[in-house]
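Read off the chains here:
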Amino acid sequence: MNLSLSDLAPPVRWTSPGQIAPIAEDADLPEAWWQAVPFDRACAIVGLPRVADHLADLAMACWGHLLLGDILPLLRLSDPAESERTPESLGRDVVQKLFMGVFERLLEPPSQAAQVRAARPDRPLPEVIDEIFTTLDERQRAIARDRLYAANRVTLDDLAQRFNVTRERIRQIERDLRDHVDGWLASPDAQALVAHVTWLRGRLGSAVPADDLAAAVPWHHEVLKTLDIPTWRFVRTLLTGYEQADGWLVVGGSDELREKTRQLFADGPRPVAEAVAMVAQLGVREDVAERWIEAVPQLRLFEGHVVPWPRSINEKAEAVLAVSGDPLSPEEIQERIGEDYSLVGIRNQLTADDRFLRVDRNKYGLTRWGGDEYLGIREMIAREIERAGGEASISTIVTNLTSRYDVSESSVRAYAGGPGFERTQRGWVRVAGTGGAGSEAAEPYQPRKDVSETRRSFRSRDGRWWHRVDINAEHLRGSGSPLPTGFAAYLGMAPGGSLTASAPSGDVVISWHNQPTMGSIRNVLAEFKAADGDHVFLTVSDGGELLTRFLPGAHPGIPPLARALHLIGYTAPVQSEAEGMRLIGARIGLPDTAAREEIVTRLRERGDRDILGYLGE
């Protein structure tokens, strides 16, 4: 016998040697004997019970969840009922006895007739298989050819009509044919074919392109003369436990193996070579592992890595940045994602999602990388002044900012000489209003309500406040709309003033006469293909850019707490109501320690009746 234990029990081949060795090593057998030593030789050295013990120990320790028929396929022939059980359900002693029974039958001396048959090694297996069907009549062969082993199975009704019998009679003949084949497989005549199927399981692994079965050996393509079908189609029916789905043969359920594969990459991208080795631990052959990964939804081969690739644009952008290892522009991220996402949408998600950090005027990285956030030229100048102790040389500020960020010297000097800063001596500046007693600075407008007390205004993790616009037909027609006083004052406005915010689709003017009013945002909404009932969160950067984040209207079927969170711009699931309330409190300017009563009170004072309604208040 040239078969090793790993040939008889495919999981031995799939499982890492590091897992097998501590359990199956035997002082009386060579290293890695389960692959290196023929099975009958190993049994002759240490005894059949000890070999069965080793396999039973492996089954309990490594494959407790697998069907016994998948661990030792020969068991499906000798004990079909028990082959559908798992080691965990039977216990170690029962499993060992079942393995012993298979091994004893396998090592039984062949009968004289079998020895005569075995003395004809040149006999092709297709010829052996044909003998199963030589005694069948034409009707039995037709049912075998057109139903049992057909690529496209003929219906019972069609066969019944063809042979002028009932559907039940066709079904009975089909059962008799299966019994006939099963009986033959249990006979000595089938030993060579059974050994081939056992070898084939080890060759195919836990997942393989379906075409590999036909190509496994040349004679698989030979046609069975009795049935006029390729031999591999008959062999396929002997590979019990394999499911065919989407062009793959998969042990057990294909959905289960896909999910296990996805879980391997839950922590982020992995280089392809490492990913192949990881997938091989699931029993997928290394030579087909890349193809299997490409066939698994929500995974993608990308720039030499395997990356999680879910539906969310945020997570795709995170994967692109993780593989890059360096900050990228929204345009570069859009190009690398390579799907139909608008640049405006990508830019808005990068701005609103806490996982991303703006590190330059048009560059974003991952927050976990650390580093300073780029806040706009005016804020960066203020930061430089603060780091210098309250005053700084304009030349030093220019050198520092232009060397670190994609900003021009003229822009830095223009901002440093504009509102918000004042000169202290030649070539030096400080933040306006921070000087001594003699300095004077214009007092900013103080609204009746602070932005944190303003309806539909919410703070993101970086401290920036956003205003939610609930889109209606007027917005879509191009009409202007009022802005709350508290939010307008947060943008630095005062009565009588105006602010022009730039956007890729055109400038948006915010003016303040009797009350703050925002001009048309129809072009912005058109970029998002927004509809009545959707939402857009907006704010203005220090550099005068209109920042927007689009959010489709919530599905009416989601729970009330999720509807409330949707209105603050939070769409991820939460583990508890307490977590949801903490998020709402943080978005309206309260500390993490704020109690529910405090949060509800603040929402009521702000006028957020829609959120209160979903919270049952």
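Above: the structure in question.
Note that the structure is predicted; figures quoted are calculated from it, not measured.

1. Focus: the overall build of the protein chain
Part 1: In terms of helices and strands, the protein chain carries 35 helices and 21 strands.
Part 2: Scaling as 2.2 N^0.38, a compact globule of 617 residues should have a C-alpha radius of gyration of about 25 Å, whereas the protein chain reaches 36 Å, well beyond that.
Part 3: Dimensions of the protein chain along its principal axes, counting C-alpha atoms only, are 115 × 65 × 45 Å.
Part 4: In the protein chain, once contacts between residues fewer than 6 apart in sequence are set aside, the share between residues at least 24 apart is 55%.
Part 5: Here the protein chain displays about 30,000 Å² of accessible surface, and carbon together with sulfur accounts for 48% of that area.

2. Things to note about the sheet that holds strand β4 (residues 242-245)
Part 1: Spatially, the three strands line up as an open sheet ordered β1-β5-β4, and their pairing is antiparallel. Single-partner strands in this sheet number two, and they are β1 (207-209) and β4. Here the average twist between neighbouring strands, direction ignored, is 20°.
Part 2: When β4 meets strand β5 (residues 248-251), the two strands line up antiparallel, connected through four bridges. Bridge pairing in β5 places Glu 243 opposite Val 250.
Part 3: Those strands touched by helix α20 (residues 254-264) are β1, β4 and β5, and its axis lies near 80° from that of β4.

3. Here we look at the nonpolar core
Part 1: Of all hydrophobic cores here, the largest spans 81 residues; its most connected members are Phe 99, Phe 103 and Phe 234.
Part 2: At eight residues, the largest contribution of residues to this core is made by helix α6 (residues 48-62).
Part 3: One finds Val 344, Trp 465, Ala 503 and Val 508 within the second-largest nonpolar core, a separate group that totals 26 residues.

4. Considering the sheet that holds strand β20 (residues 535-540)
Part 1: Read across the open sheet, the four strands follow the order β14-β15-β20-β21; overall the sheet is antiparallel. Sheet topology places β14 (457-459) and β21 (546-551) at the edges, where each strand pairs with a single neighbour. The average undirected angle you get between the axes of adjacent strands in this sheet is 30°.
Part 2: Alignment of β20 against β21, held across six bridges, turns out to be antiparallel. Paired with Leu 538 across the strands is Thr 548, a residue of β21.

5. Things to note about the packing of aromatic side chains
Part 1: All told, the structure shown has eleven aromatic pairs when counted by the stated rule.
Part 2: Members of the aromatic cluster, joined through ring pairs, are Phe 133, Tyr 149 and Phe 234.
Part 3: The ring centre of Trp 309 lies 4.4 Å from the NZ or CZ of Arg 300, which sits over that ring.

6. Examining helix α34 (residues 596-606)
Part 1: Taken as a whole, α34 has its buried residues at Ile 599, Val 600, Arg 602, Leu 603 and Arg 606. Each buried residue of α34 sits inside an arc of 160° when the element is viewed along its axis, so together they form one side.
Part 2: Residues of α34 that are buried in the fold lie against β14, β15 (465-470), α33 (577-587) and α35 (609-614).

7. Regarding helix α27 (residues 394-404)
Part 1: Taken residue by residue, α27 has Ile 394, Ile 397, Val 398 and Leu 401 as its buried positions. Buried residues along α27 cover an arc of 100° about the axis, so they all sit on one side.
Part 2: Packed against the buried residues of α27 are α26 (377-387), β11 (392-393), α28 (409-416), β12 (421-425) and β13 (428-431).
Part 3: Its side-chain oxygen 3.2 Å from the backbone nitrogen of Ser 395, Ser 393 forms the N-cap of α27.

8. Things to note about the packing of α6 against helix α11 (residues 92-106)
Part 1: With their axes 8 Å apart at the nearest point, α6 and α11 run at an angle of 135° to one another. Relative to α11, α6 is oriented oblique. Here the hand of the crossing between α6 and α11 comes out right-handed. Residue-level contacts link Leu 48, Pro 49, Val 51, Ala 52, Asp 53, Leu 55, Ala 56, Asp 57, Ala 59 and Met 60 of α6 to Arg 92, Val 95, Gln 96, Phe 99, Met 100, Phe 103 and Glu 104 of α11.
Part 2: Of the residues in the contact of α6 with α11, the class split is twelve nonpolar, one polar and four charged.

9. Points about the pattern of salt bridges
Part 1: A complete count under the given rule lists 44 salt bridges for this structure.
Part 2: Between Asp 212 and Arg 285 there is a salt bridge, and its shortest N-O distance comes to 3.2 Å. Of the two residues, Asp 212 is situated in helix α18 (residues 211-215) and Arg 285 in the loop between α21 (272-280) and α22 (286-295); the sequence distance between them amounts to 73 residues.
Part 3: What makes Asp 212 buried here is its relative accessible area of 18%.
Part 4: Using a relative accessible area of 14% as the deciding quantity, one classes Arg 285 as buried.
Part 5: The network of salt bridges with shared partners includes Asp 372, Arg 383, Glu 384, Arg 387 and Arg 404.

10. Thoughts on the packing of α26 against α28
Part 1: Two numbers describe how α26 lies on α28: the axes approach to 9 Å, and their chain directions differ by 75°. When the axis of α26 is compared with that of α28, the two are roughly perpendicular. In contact with Ile 377, Arg 378 and Ile 381 of α26, α28 contributes Ser 411, Val 412, Tyr 415 and Ala 416.
Part 2: Residues that form the contact of α26 with α28 fall into these classes: five nonpolar, one polar and one charged.

11. What about the environment of Arg 459?
Part 1: Positionally, Arg 459 belongs in strand β14.
Part 2: The sequence separation of Arg 459 and Arg 587 amounts to 128 residues, and the corresponding C-alpha distance is 4.7 Å.
Part 3: Apart from the residues within four sequence positions on either side, Arg 459 is in contact with Arg 464, Trp 465, Ala 586, Arg 587, Gly 589 and Leu 590.
Part 4: Separated by 3.3 Å, the side chain of Arg 459 and the backbone oxygen of Ala 586 make a polar contact.

12. Describing the side chain of Arg 468
Part 1: By the element assignment, Arg 468 lies in strand β15.
Part 2: Only 2.9 Å separates the side chain of Arg 468 from the backbone oxygen of Leu 567, close enough to count as a polar contact.
Part 3: When sequence neighbours within four positions are dropped, the list of residues in contact with Arg 468 reads Arg 456, Phe 458, His 535, Val 536, Phe 537, Leu 567 and Asp 610.

Reading guide: rules and limits
- Residues numbered from 1 in each chain as written.
- Predicted model: local features only at pLDDT ≥ 70, side-chain atom pairs only at ≥ 80, totals over all residues.
- Heavy atoms only, no water.
- Helix = DSSP H or I, 4+ residues; strand = E, 2+ residues; numbered from the N terminus.
- Rg over C-alpha atoms; globule rule 2.2 N^0.38 Å.
- Contact = heavy atoms within 4.5 Å.
- Areas by Shrake-Rupley, 256 points an atom, 1.4 Å probe, with all protein chains shown as cover.
- Pairing = 2+ DSSP bridges.
- Axes fitted to C-alpha atoms, helices over the stretch in contact; angles between N-to-C directions.
- Core = buried A, V, L, I, M, F, W, Y, C linked by side-chain atoms within 4.5 Å.
- Buried < 20%, exposed > 50% of the residue type's maximum accessible area, 1.4 Å probe, protein only.
- Phe/Tyr/Trp six-rings, centres within 6.5 Å; stacked < 30°, edge-to-face > 60°.
- Lys NZ or Arg CZ within 6 Å of the ring centre and 35° of its normal.
- Arc of directions from axis to C-beta.
- Polar contact = N/O pair within 3.5 Å; in protein donor to acceptor, adjacent residues only side chain to side chain.
- Parallel < 35°, antiparallel > 145°, perpendicular 65-115°, else oblique.
- Left-handed = near helix turned anticlockwise from the far one by under 90°.
- Nonpolar A, V, L, I, M, F, W, Y, C, P; charged D, E, K, R; others polar.
- Salt bridge = Lys/Arg side-chain N within 4 Å of Asp/Glu carboxyl O.

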